[in-house]
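Analysis of the macromolecular model
Read off the chains here:
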Amino acid sequence: MKKILIITTGGTIAMGQDERQIVQMMGENVLLSGKSLLDPYAETTFYEFANLPSVHLTVGDYLKLRELILKKCGDYDGFVITHGTDILEETAYFLDLTLHIPQPVVITGAMRSSNELASDGLLNLQQSVQTAVSEESRDKGVLVVLNGEIHGARFVQKMHTSHVETFQSPQLGSFGVVDKAGVRYFVRQCKRDYYSIQPDQLTARVAMVKAGFAVDDSFLQFALDSGAKGIVIEAMGLGHVPPAMIPGIERAVAASVPVLVCSRSPRGSVAPVYGFVGGGRDLYERGVIFAPDLPAHKARIKLMVVLAAAAGRETVEEVRKAFGM
Ligand code: ASP
């Protein structure tokens, strides 16, 4: 029987609802009560890494989680991480970009806490273990399993604030499914990026600025004044911003702070097509870098990783190479 390490980090899957219907952290590890449900599939060991809502996680936690998996990968056939759903897709993508191991790494969570009606936590955990023991899950990168669907870390997004059917991959669809009939993939392999990072260089000082109707450059200027190492702009359409954002963009480019452009549209890619002031072509000629097919919060994770891998060497060029545009 395969050996799976279940790393618990907190989140709704580890929480419970009180008599006022407020969802809270629990003292004990509620997931341990479900261990016997996993016994038919694998020999499981639980490791309590943290008991936090995912919005409390830090850069230090990301590095420690990665280190833990690297340290344990000689002893286990796969890993399942239980996690809060809010930041789950960022954690999955960070690990996907920085781990280079053949064993499956599956991340799961829950939308309903442990004692709520139709709580989904234990089923998601069981289906994650099923996925982690499948030979077909090897070499697919970090996988996200909830609600019977298997998604790739690069593509998956939390699309609904409360429904159990919330994790979807709007660009591509799921990689596969897991249910009583087992694990089935519809995608054989997906292109993946891997970066060997310098842990002391991973920084959260990558600003994310949202464009919109009549937005100016004040947040860009603030980001630069605060020492941002990179900036991700969530632009509109194919990658367009109002002209009033341009002075802040020009200041960043002149200071060799990489500026990435993504789109607020959940599907499709940015592209340097339109020539008007603030259009994609105009921004491209001013020195911004396009992040094709990634939402801003995922592009930010990749930028953090690329900056850490570059460790200060010709940063803007390294970033341009990594994003390809
Ligand atoms: N709503 C969140 C969850 O599903 C809270 C968090 O992200 O930790 O766990």
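You'll find the structure just up there.
For the structure given in this document, a descriptive report is provided here. (Residues numbered from 1 in each chain as written. Predicted model: local features only at pLDDT ≥ 70, side-chain atom pairs only at ≥ 80, totals over all residues. Heavy atoms only, no water.)

1. Considerations on unusual backbone geometry
Quick reminder of the rule: Where helices and strands are cited, they refer to DSSP runs of H or I of at least four residues and of E of at least two residues respectively, numbered from the N terminus. Classification of residues uses two cut-offs on accessible area relative to the type maximum, computed with a 1.4 Å probe and protein chains only: under 20% is buried, over 50% is exposed, and between them is partly exposed.
Phi at Ala118 is positive, roughly 50°, even though this residue is not glycine. Among the structural elements, Ala118 can be located in the loop between strand E6 (105-108) and helix H4 (121-133). Accessibility expressed as a relative area gives 55% for Ala118, which makes it exposed. If you check the backbone angles, Asp293 has positive phi at about 65° while not being a glycine. Here Asp293 lies in the loop between strand E16 (289-290) and helix H8 (296-310).

2. Focus: the pattern of salt bridges
The line we're drawing: Whenever Lys or Arg places a side-chain nitrogen within 4 Å of a carboxyl oxygen from Asp or Glu, that contact is recorded as a salt bridge.
Following the criterion strictly, the structure yields 17 salt bridges and no others. Salt-bridge contacts for Glu67 lead to Arg66; the nearest nitrogen and oxygen are separated by 3.8 Å. Here Asp179 makes a salt bridge to Arg184, at a shortest N to O gap of 2.7 Å. Accessibility expressed as a relative area gives 28% for Asp179, which makes it partly exposed. One network of salt bridges, with partners in common, ties together Lys191, Asp193 and Lys302.

3. A few points about helix H6 (residues 246-254)
Let me state the cut-off plainly: Throughout, the arc means that of the directions going from the helix axis to the C-beta atoms. Whether two residues are in contact is decided by their heavy atoms, any of which lying within 4.5 Å being enough.
Listed in full, the buried residues belonging to H6 are Ile246, Gly248, Ile249 and Ala252. The arc that holds the buried residues of H6, viewed along the axis, is 160°, so those residues lie on one side. Considering only its buried residues, H6 is in contact with helix H5 (218-225), strand E14 (230-235), strand E15 (259-263) and helix H7 (280-285). Positive phi appears at Ser256, one or two residues downstream of H6, with a value of about 60°.

4. Section: the site of the ligand
Stated formally: Consider each residue's heavy atoms; a residue with any of them within 4 Å of a molecule or strand counts as near. Definition of a polar contact: a pair of N or O atoms within 3.5 Å, with one able to donate and the other able to accept a hydrogen when the atoms are protein atoms, and with sequence-neighbouring residues admitted only if both atoms are side-chain atoms. Values of accessible area rely on a 1.4 Å probe in the Shrake-Rupley scheme; residue burial ignores everything except the protein chains shown. Gly counts as polar in this scheme, as do all residues outside two lists: the nonpolar Ala, Val, Leu, Ile, Met, Phe, Trp, Tyr, Cys and Pro, and the charged Asp, Glu, Lys and Arg.
Residues in contact with the ligand, as listed here, are Gly11, Thr12, Pro53, Ser54, Gly84, Thr85, Asp86 and Ala110. Between the ligand and the protein, one listed contact pairs an oxygen atom with a side-chain N or O atom of Thr85 at 2.6 Å. Within the backbone of Asp86, a nitrogen or oxygen atom sits 3.0 Å from an oxygen atom of the ligand. When the ligand is considered free in solution it has 260 Å² of accessible area, and contact with the protein chains removes 86% of it. Along the lines of polarity and charge, the residues of the shell around the ligand split into 2 nonpolar, 5 polar and 1 charged.

5. Regarding the sheet that holds E15
The condition that has to hold: At least two bridges found by DSSP between two strands is the condition for calling them paired.
Ordered in space as E13-E14-E15-E16, the 4 strands form an open sheet in which the pairing is parallel. For this open sheet the edge positions go to strand E13 (206-210) and E16, each flanked by a neighbour on one side alone. Pairing of E13 with E14, which is carried by 5 bridges, proceeds in the parallel orientation. When the sheet's bridge partners are listed, Met208 is paired in E14 with Val232.

6. Regarding the pairing of strand E11 (residues 176-179)
The side chains of a regular strand alternate between the sheet's two faces. Note that strand E8 (residues 149-152) and E11 share 2 bridges and pair antiparallel. Bridge pairing links Glu149 to Val177 in E11. The sheet contact formed by E11 and strand E12 (residues 182-185) spans 4 bridges and is antiparallel. Considered in E12, the bridge of Asp179 is made with Gly182.

7. Observations regarding empty space enclosed by the protein
To find leftover empty space, a probe the size of one water molecule is rolled over the atoms. So the rule is basically this: Of the grid points, spaced at 1 Å and generated over the protein atoms alone, those admitting a 1.4 Å probe that cannot get out make up cavities, while open sets with protein on both sides within 12 Å along at least five of seven lines make up pockets; any residue with an atom within 4 Å of a point is treated as lining. Grid points are joined across faces, edges and corners, and a volume is the space filled by probe spheres set on the points.
According to the stated counting rule, one finds 4 cavities of 30 Å³ or more in the structure shown. As a volume, the largest cavity reaches approximately 90 Å³. Along its surface, the largest cavity is lined by 14 residues, and Asp96, Arg154, Phe155, Lys191 and Arg192 are the ones closest to its centre. The greatest single-element share of the lining of the largest cavity, amounting to 3 residues, is contributed by helix H3 (residues 88-98). Classifying every residue of the lining of the largest cavity gives 7 nonpolar, 1 polar and 6 charged. Computed from the structure, the second largest cavity encloses a volume of approximately 60 Å³. Every residue along the wall of the second largest cavity is listed here: Leu99, Ile101, Pro102, Gln103, Pro104, Val105, Gly141, Val142 and Arg192.

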